[in-house]
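Listed below are the residues making up each chain.
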Amino acid sequence: MDTAPSALPSATTSPDIRHRRKVATAAALASAVEWYDYFVFGIAAALVLGDLYFPAGSSSAGVLAAFATFAVGFLARPLGGVIAGHLGDKRGRKPMLVLALTLMGVATTGIGLLPTYATIGIAAPVLLVVLRVMQGIAIGAQWGGAMLLATEYAPEGKRGVYGSVVQLGVPIGVVTANSVFLLAGALTSESAFAAWGWRVPFLVGLLVLGLAWYIHTRVEETPEFRQAERALAEKEKGEKSSPLRTILRGHLGTVLLAGGSFAVNTATFYILITGVLDYTTRELDMERSAVLTVSLCVSLTQLVLIPASAALSDRVGRIRIYGFGAAGIALWAVPMFLLIDTGSLLWLAVGTFVASCFLSIMYGPQAALFAELFTPEMRYTGASLGYQIAAVFGGGLAPFVMVLLLEATDTSMSVSAYIIGLAVIALMSIKVLADRARSASDESEG
């Protein structure tokens, strides 16, 4: 792993800057539309899915069921990462990204067309879970493909910046999803929104299929993969091996450390965009459209902070920037909820904005950092597994755990304690990764 300015070996071919930028743009768009499709489910889960698909005696039970379905998508993400990682390291980054986009488009459109419990009974929540699993597999497959298309085409010394364009897909997805929900809510009455207005954001996700076709026909495979493909072919002549087997046998510790370092980021992020939306509207009686607007505005700031922190990591090193962000999340966990609990939109904006700054500081260099943990022939598998493990134990469970903690303790400080615990795990994992990088550097110099 490289913790100084990025310096992975270049492939023998050197694409021109125009082609690099075209590929980076395609990867960023792929990330944005995938995350849009994924996030509309989280927003809908906080607002309407509990009542429509999981009717129960209390609003809390319905929300818990909807968030449990939300979490199911995260449980499926490692499966997508394993399948796409294995095939992506053997067959190429591009075909797996195209497959992920297609699967996401089909699943999201299916949710938008799915009848409710009142119409088809128990089949409705069952099918909702199946479609959410499909979304999870798709997003698990997508991240590694988009990230590697960008970083493996990056010029020398700019791997962090190029990787960050894929990371921008997250705030772009959040902003777009919130905007479409706000528009749907503004153009419909409460009853119309509950009846059909919430479906519109899911049907918009059908546009992802057009992007999948564009990448399939217009984007070339990365030079680093082509070089690694030749090396892998030579290796397989003498022994039966696979990227997944190589990772599990020799690099599982690195995968787990990567996941441990990032779980706090995903958990805090999903607490902010789904858990806080439910908490403020259901428990604090804040207006839905106002809270969505705050979330949208805060996400816009990430469009600046993510590439800025990535560019800084190209200069001073990934681990230093990444660790600073994790420490900031730990320190801000308590003040953030103290501000949210005031029920003031202003203090909600301040609390979530500062938290978002620390999330962006971590998220900017994360793509390049994870890419640099593994060699090209097993990079898709290793980086995807690390990312998706963090997604399961951080993001997928976070909104569900938040509701449980609030119900059990009747205080938001329990949620702060949950975030702090994950931050401690992150800082410990980052410390081990930094020590390993330092030892590897000393050995190479010796």
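This text gives an overview of the structure that appears in the document. (Residues numbered from 1 in each chain as written. Predicted model: local features only at pLDDT ≥ 70, side-chain atom pairs only at ≥ 80, totals over all residues. Heavy atoms only, no water.)

It is worth spelling out the packing of helix α6 (residues 159-167) against helix α14 (residues 288-316) at this point. Closest axis-to-axis distance for the α6/α14 pair is 7 Å, and the angle between their directions is 160 degrees. When the axes of α6 and α14 are compared, the pair comes out roughly antiparallel. Once α6 is placed against α14, the crossing between them reads as right-handed. Counted together, R159, G160, V161, S164 and Q167 of α6 and I306, P307, A310, A311, S313 and D314 of α14 form the full contact between these two elements. Its residues placed into classes, the contact of α6 with α14 shows five nonpolar, four polar and two charged. (Axes fitted to C-alpha atoms, helices over the stretch in contact; angles between N-to-C directions. Helix = DSSP H or I, 4+ residues; strand = E, 2+ residues; numbered from the N terminus. Parallel < 35°, antiparallel > 145°, perpendicular 65-115°, else oblique. Left-handed = near helix turned anticlockwise from the far one by under 90°. Contact = heavy atoms within 4.5 Å. Nonpolar A, V, L, I, M, F, W, Y, C, P; charged D, E, K, R; others polar.)

Glancing now at the pattern of salt bridges. Considering all chains together, one arrives at six salt bridges under this definition. One salt bridge in this structure joins E190 and R288, with 3.6 Å as the shortest N-O distance. You can see E190 sitting in helix α8 (residues 190-195) and its partner R288 sitting in helix α14, a full 98 residues away along the chain. Taken together, the salt bridges that share partners define one network made up of D278, R282 and E283. (Salt bridge = Lys/Arg side-chain N within 4 Å of Asp/Glu carboxyl O.)

With that settled, the discussion passes to the packing of aromatic side chains. Scanning the entire structure with this criterion turns up nine aromatic pairs. Taking 5.1 Å as the distance between ring centres and 85 degrees as the angle between the ring planes, the aromatic pair formed by F269 and Y270 counts as edge-to-face. Comparing F269 with Y270, the two get one shared label, buried. For the ring pair Y279 and F337, a centre distance of 6.5 Å and an interplane angle of 65 degrees mean the geometry is edge-to-face. Here Y279, found in helix α13 (residues 252-283), pairs with F337, found in helix α15 (residues 318-340); they are 58 residues apart in sequence, far enough to count as distant. With relative accessibility at 8%, the residue Y279 sits in the buried group. These aromatic residues form a ring-pair network of at least three members: F262, Y363, F370 and Y387. Against the face of F41 rests R132, its NZ or CZ located 4.5 Å from the ring centre. (Phe/Tyr/Trp six-rings, centres within 6.5 Å; stacked < 30°, edge-to-face > 60°. Buried < 20%, exposed > 50% of the residue type's maximum accessible area, 1.4 Å probe, protein only. Lys NZ or Arg CZ within 6 Å of the ring centre and 35° of its normal.)

With that out of the way, let us pick up a nonpolar patch on the surface. A cluster of nonpolar side chains, Y117, I122, V126 and V130, forms an exposed patch at the surface whose accessible area comes to about 370 Å². Within the element layout of this structure, Y117 appears in helix α4 (residues 117-120). We classify Y117 as partly exposed; its relative accessible area is 34%. (Patch = residues over 30% accessible without salt bridge, like charges linked within 9 Å, V, L, I, M, F, W, Y side chains within 5 Å. Areas by Shrake-Rupley, 256 points an atom, 1.4 Å probe, with all protein chains shown as cover.)

Even without glycine at this site, D285 takes up a positive phi of about 55 degrees. Along the chain, D285 falls in the loop between α13 and α14. The class of D285 is exposed, set by a relative accessible area of 67%. At D410, a residue that is not glycine, the phi angle is positive and equals roughly 60 degrees. Here D410 lies in the loop between α18 (398-409) and α19 (413-445).

Honestly, it's all geometry; don't read function into it.
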